[in-house]
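Structural overview for review
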Amino acid sequence: MKHEPTAATLTGIYKLLDMELDDLNAVDIREAERAFCMLCEATDGIRDELRDIFIIMQDAGSVQDGVIPDPKELHGQFTEIYRNAVEIAGKSVRLAAIARMGIIQSETMNQIDRGYEQEGGGNGKTG
């Protein structure tokens, strides 16, 4: 069984990433510290959703132990896992957009980028 997203899924994710980048354009994250704080907030949300999924999966795991579950309970567990997974997907796209925006706007990265441009034959000092 394949575990990686399909090319179509990745294309969709990049479109969603562009939407998140547009939303982040209103946020000033030129300082690396601000970008890092936003990254931490996003990863905290993802971690919380994953924790909830693991808790639900422990209960749903009784199916693998040969226990016949109540169909309504099993349906509810899969529904909660589905909802949490969708939240994780959304938060993951947001996390990627924050990282991308941090790369684009970070003063630290801008200094590095300027250094590379100057080394490549541009005018100015390097180093």
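None of the values given here were measured: they were computed from a predicted structure.

What to know about the pattern of salt bridges
A full pass over the atoms with the stated rule returns seven salt bridges. We note a salt bridge from D48 to R51, for which the minimum N-O separation is 2.9 Å. Here the residue D48 and the residue R51 both occupy positions in helix α2 (residues 32-60), the gap between them amounting to three residues, near one helical turn. Here D48 falls in the partly exposed class, since its relative accessible area comes to 30%. One salt-bridge network, held together by shared partners, links D44, R47, D48 and R51.

Some remarks on the nonpolar core
One recurring pattern in soluble globular proteins: nonpolar side chains tend to sit buried together. Of all hydrophobic cores here, the largest spans nine residues; its members are L17, L21, L24, M38, A42, V93, A97, I98 and M101. Secondary-structure elements contributing two or more residues to this core are α1 (7-24), α2 and α3 (71-105). Here the element with the most residues in this core is α3; it accounts for four residues. With five residues, the next largest nonpolar core counts I53, I56, I81 and I88 among its residues.

Side note on the confidence of the model for the protein chain
As a note on interpretation, predicted positions should not be read in detail where pLDDT is low. Across the protein chain, the average pLDDT comes to 81, with 74% of residues at 70 or higher. Averaged over each element, pLDDT in the protein chain is lowest for helix α4 (residues 107-119) (65) and highest for α1 (92). Here residues 123-127 scores under 50 on pLDDT; set against residues more than four positions off or in separate chains, the count is six contacts.

What counts as what
- Residues numbered from 1 in each chain as written.
- Predicted model: local features only at pLDDT ≥ 70, side-chain atom pairs only at ≥ 80, totals over all residues.
- Heavy atoms only, no water.
- Salt bridge = Lys/Arg side-chain N within 4 Å of Asp/Glu carboxyl O.
- Helix = DSSP H or I, 4+ residues; strand = E, 2+ residues; numbered from the N terminus.
- Buried < 20%, exposed > 50% of the residue type's maximum accessible area, 1.4 Å probe, protein only.
- Core = buried A, V, L, I, M, F, W, Y, C linked by side-chain atoms within 4.5 Å.
- pLDDT = per-residue confidence, 0-100.
- Contact = heavy atoms within 4.5 Å.

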